[in-house]
Amino acid sequence: MIKFSRILVIVVFTICIWIALPKDSFSDMNHKRLPVRSKIIEVGQGYGYEIWIGEKLLVKQEFIPAINGEITFKTPEEARKVANLITKKLLERSNPEISVEELVSLNILTLKH
Amino acid sequence: MRKAVHYSKLISLMVVSTTAFIFSCSTDEDEESLGNWINRSVFDGSPRSGMSGFTIGNIGYMGVGYDGDDYLNSFWTYDIEGDFWSQKADFPGSARNAAVGFQIDGKGYIGSGYDGVDELNDFYTYDPSSNTWTQVASIESTKRRSAVAFSANGFGYFGTGYDGENDRKDFWKYDPSSDTWTEQVGFGGNKRRSATTFTINGLIYLGTGISNGIYLNDFWAFDPSNESWTKKTDLDEEGNYNIERSRAVGFSLNGYGYIACGEINGASTSVWEYDPATDMWEAKTNFEGSSRQDAVAFANTTRAFVGLGRSGSLYLDDLDEFFPLAEYDEED
């Protein structure tokens, strides 16, 4: 009987904790564990990329970011370099955007662009 | 004796949990309002506030802003149907926040604002079909931030705000065909900054904002057909109204106007619905994300999203879709 009441106390206590915990904390934990991955896509004659967080499409980039015009990446490797940089930024919880300077340093743009 | 101790523990735990359960239920019922928010997208790791934007068709456009360290000039689109973001051409002016954004006939405009040192008066237009920015005419006579802007009948309108020394009440009209700004007269409201507008059936409604620490309670409708302003019922007319605030977002959906979030002595999550037929307001379900100010709203004729913005020192980065007629559901 003592054992039974102990089990009952534990069960009720667990339920209380479950109710008391904010539900958001669970989704936050899941969110932080979600893998970030990128995918290279074909856009006409050129290439772009997608950034996925788990099953959620976060960014779809058909054209080179930051610059005027609708210009695709010339090669899958160029798109991959930028997608990798964004993935790295997301994993560091920093801004997932690309600047013109970064495009120059990745040899995707030349300085005079 | 030990058994008795255990039973009393058990009973006290059950009482505590039952009380907690009843309390949470009754709170829900007390605050029952129609409207539901569903989290749509996570603009992950890119916290920013004081952005400017506009909606054209099924695409929300937003850019510039401040991330706590830097003023930004990057510019993004949110695809309402596909629920994803794309980075577009950088805003070509100096990085800034507290700018205005509006669209005229399918072209976007962002201008004015604050670059961390000065208020600004330059404007730029964005062509979505070519992903290109072009500078347009500045408002030469006045620089300002935290103004409002909207468009009607092919013209842009810009007014109120803070010029670095004073809050303002003057309005300016932009004609894209001649690329000129001309001053408009006739706004009878007080000077203010960080006000909000929304457009219903071709009429523009303007309210909220702050001046000299006072949250303003006047509410106005602008009829672009004769460019006249009409005073509507004050925002504190009814005893249960709690609409006054600054840095809120405004949008319209299905013939109703909404003022959401913003700050009144701290960040707010409350949402109010305006019915133009009765000139009355009704409280809706609070924004389900964290409280925020300087947020952004995207709305086309059928769907509305509110997100980003900041709450105190914490920057936020999510976007929620608002369903004004749905029952509140805390699980989504």
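The structure displayed is predicted, hence computed values, not measured ones.

## Some details on the pattern of salt bridges
Residues and elements named next belong to chain B.
Okay, so step 1: Tallied over the full model, the rule gives 14 salt bridges over all chains.
Okay, so step 2: Two residues, Lys 173 and Glu 227, come together in a salt bridge whose shortest N-O distance is 2.7 Å. Taken together, the residues span a long stretch of sequence, with Lys 173 in strand β12 (residues 171-175) and Glu 227 in the loop between β18 (219-223) and β19 (228-232) at a distance of 54 residues.
Okay, so step 3: A single salt-bridge network, built from bridges that share partners, covers Arg 144, Asp 163, Arg 168 and Asp 170.

## Digging into the sheet that holds strand β15 (residues 203-207) of chain B
Residues and elements named next belong to chain B.
Okay, so step 1: Sheet architecture is open: four strands sit in the order β14-β15-β18-β19, paired in antiparallel fashion. With one partner strand each, in any of the chains shown, β14 (196-200) and β19 form the two edges of the open sheet. Adjacent strand axes in the sheet meet at a mean angle of 25° when their direction is disregarded.

## Digging into unusual backbone geometry
Okay, so step 1: With a phi close to 60°, Asn 107 of chain A is a non-glycine residue in the positive phi region.
Okay, so step 2: With respect to the secondary-structure elements, Asn 107 of chain A resides in the segment after α4 (100-105).
Okay, so step 3: With relative accessibility at 61%, the residue Asn 107 of chain A sits in the exposed group.
Okay, so step 4: Its identity as a non-glycine residue notwithstanding, Val 64 of chain B has a phi of 45°, on the positive side.
Okay, so step 5: Looking at the secondary structure, you find Val 64 of chain B in the loop between β3 (59-63) and β4 (75-79).
Okay, so step 6: Judged by its relative accessible area of 0%, Val 64 of chain B is buried.

## Some thoughts on the packing of aromatic side chains
All names here are of chain B.
Okay, so step 1: Applying the stated rule across the entire model yields 47 aromatic pairs over all chains.
Okay, so step 2: Taken together, a centroid distance of 6.2 Å and an interplanar angle of 40° make the contact between Phe 198 and Phe 219 tilted. Of the two residues, Phe 198 sits in strand β14 while Phe 219 sits in strand β18, which places them 21 residues apart along the sequence. Across this residue pair, the class does not change: Phe 198 and Phe 219 are buried.
Okay, so step 3: Ring centres 6.1 Å apart and planes at 45° place the aromatic pair Phe 198 and Tyr 274 in the tilted group. Of this pair, Phe 198 sits in strand β14 while Tyr 274 sits in strand β22 (residues 271-275), and the two are 76 residues apart along the sequence.
Okay, so step 4: Phe 198 sits in the buried class, given a relative accessible area of 3%.
Okay, so step 5: Given a relative accessible area of 0%, Tyr 274 falls into the buried group.
Okay, so step 6: Grouped by ring-pair contacts, the aromatic residues Phe 54, Tyr 61, Phe 75, Phe 91, Tyr 124, Tyr 126 and Trp 133 constitute a single cluster.

## Regarding the nonpolar core
Across soluble globular proteins, nonpolar side chains show a tendency to be buried alongside one another.
Okay, so step 1: In this structure, Tyr 49, Ile 51, Val 82 and Leu 103 of chain A together with Trp 85 and Phe 298 of chain B are the most contacted members of the largest nonpolar core, which totals 33 residues.
Okay, so step 2: Of all the elements in the fold, those that place two or more residues in this core are β2 (46-53), β3 (56-61), α3 (76-91) and α4 of chain A together with β4 and β24 (296-299) of chain B.
Okay, so step 3: It is α3 of chain A that contributes the most residues to this core, six residues altogether.

## A word on the confidence of the model for chain B
Okay, so step 1: With 85% of its residues at a pLDDT of 70 or more, chain B has an overall mean of 86.
Okay, so step 2: Residue range residues 16-31 of chain B is modelled with pLDDT below 50. Its contacts to residues more than four positions away, or to other chains, number two contacts.

## Some thoughts on the side chain of Asn 36 of chain B
All names here are of chain B.
Okay, so step 1: Along the chain, Asn 36 turns up in strand β1 (residues 36-42).
Okay, so step 2: Engagement of the side chain of Asn 36 in a polar contact is seen with the backbone nitrogen of Asp 329, the distance being 3.1 Å.
Okay, so step 3: In this view, Asn 36 contacts Glu 288, Glu 321, Phe 322, Phe 323, Ala 326, Glu 327, Tyr 328, Asp 329 and Asp 332; residues no more than four positions away in its chain are not counted.

## Focus on the pairing of strand β1 (residues 36-43) of chain A
Residues and elements named next belong to chain A.
Okay, so step 1: Bridge count for β1 against β2 is eight bridges, and the pairing is antiparallel. When the sheet's bridge partners are listed, Ile 41 is paired in β2 with Gly 48.
Okay, so step 2: Linking β1 back to β2 in an antiparallel pair, the connection comprises two residues, with Gly 44 at a positive phi of about 60°.

## Remarks on the sheet that holds strand β10 (residues 148-152) of chain B
Residue and element names in this part refer to chain B.
Okay, so step 1: Taken in spatial order, the four strands make up an open sheet running β10-β11-β12-β13, and their pairing is antiparallel. Of all strands in the sheet, those with a lone pairing partner are β10 and β13 (180-184), marking the two edges. Neighbour-to-neighbour, the strand axes of this sheet turn through a mean angle of 25°, independent of strand direction.
Okay, so step 2: Note: β12 against β13, five bridges, orientation antiparallel. Counterpart to Tyr 174 in the pairing with β13 is Trp 181.

## Considering the environment of Asp 90 of chain B
Okay, so step 1: Mapped onto the secondary structure, Asp 90 of chain B falls in the loop between β5 (84-88) and β6 (100-104).
Okay, so step 2: Given the relative accessible area of 16%, Asp 90 of chain B is considered buried.
Okay, so step 3: When the C-alpha atoms of Asp 90 of chain B and Phe 75 of chain B are compared, they prove to be 5.5 Å apart, with 15 residues separating the residues in sequence.
Okay, so step 4: Among residues more than four places away in sequence, those in contact with Asp 90 of chain B are Ala 66, Ile 67 and Val 100 of chain A together with Asn 73, Ser 74 and Trp 133 of chain B.

## Quick look at a negative patch on the surface
Okay, so step 1: A surface patch of negative charge is lined by Asp 329, Glu 330, Glu 331 and Asp 332 of chain B.
Okay, so step 2: By the element assignment, Glu 330 of chain B lies in the segment after β28 (318-323).

## Here we look at the pairing of strand β2 (residues 52-56) of chain B
Residues and elements named next belong to chain B.
Okay, so step 1: Among the five residues in β2, four count as buried, and that is most of the element.
Okay, so step 2: Across five bridges, the pairing between β2 and β3 is antiparallel. Pairing of Gly 53 across the sheet is with Met 62, part of β3.
Okay, so step 3: Between β2 and β3, which pair antiparallel one after the other, the connecting turn spans two residues, and Gly 57 there sits at a positive phi close to 60°.

Basis of the calculations
Per chain, the residues get numbers from 1 upward, laid out in the order the sequence is written. Lettering of chains starts at A and numbering of ligands starts at 1, both following the order in which they are written. In keeping with the model being predicted, local features are shown solely for residues with a pLDDT of at least 70 and side-chain atom pairs are shown and tallied solely at 80 or more, while totals for entire chains, interfaces and linings include all residues. The side-chain values count all of the structure's non-hydrogen atoms but skip hydrogen atoms and water molecules. Take a side-chain nitrogen of Lys or Arg and a carboxyl oxygen of Asp or Glu: if they are within 4 Å of each other, that pair is a salt bridge. Under the scheme used here, helices are H or I runs from DSSP no shorter than 4 residues and strands are E runs no shorter than 2 residues, and both carry numbers assigned from the N terminus. Strand pairing is assigned whenever DSSP identifies at least 2 bridges connecting the two strands. Every angle, taken between N-to-C directions, lies between 0 and 180 degrees, and every axis is a line fitted to C-alpha atoms, over only the stretch in contact when it is a helix. Three exposure classes are used, based on accessible area relative to the maximum for each residue type with a 1.4 Å probe and protein chains only: buried under 20%, partly exposed in between, and exposed over 50%. Any Phe, Tyr or Trp ring, taking Trp's six-membered ring, that has another such ring centre within 6.5 Å forms a pair; planes under 30 degrees apart are called stacked, those over 60 apart edge-to-face, and the others tilted. We define a nonpolar core as any set of buried Ala, Val, Leu, Ile, Met, Phe, Trp, Tyr and Cys residues linked to one another through side-chain atoms lying within 4.5 Å. pLDDT is a per-residue confidence score from the predictor, ranging from 0 to 100. Whether two residues touch is decided by their heavy atoms; if any such pair falls within 4.5 Å, the residues are in contact. Two N or O atoms count as a polar contact when they lie within 3.5 Å, although within protein this holds only if one can serve as hydrogen donor and the other as acceptor, and sequence-adjacent residues are included solely when both atoms are side-chain atoms. Any residue with relative accessible area above 30% and no salt bridge may belong to a patch, with like charges joined within 9 Å and the nonpolar Val, Leu, Ile, Met, Phe, Trp and Tyr side chains within 5 Å. Note on areas: these come from Shrake-Rupley sampling with a 1.4 Å probe, and a residue is covered only by the protein chains present in the view. Neither His nor the chain ends is counted toward charge; the positive residues are Lys and Arg and the negative residues Asp and Glu. The location of each charge is read from NZ of Lys, CZ of Arg, CG of Asp or CD of Glu.

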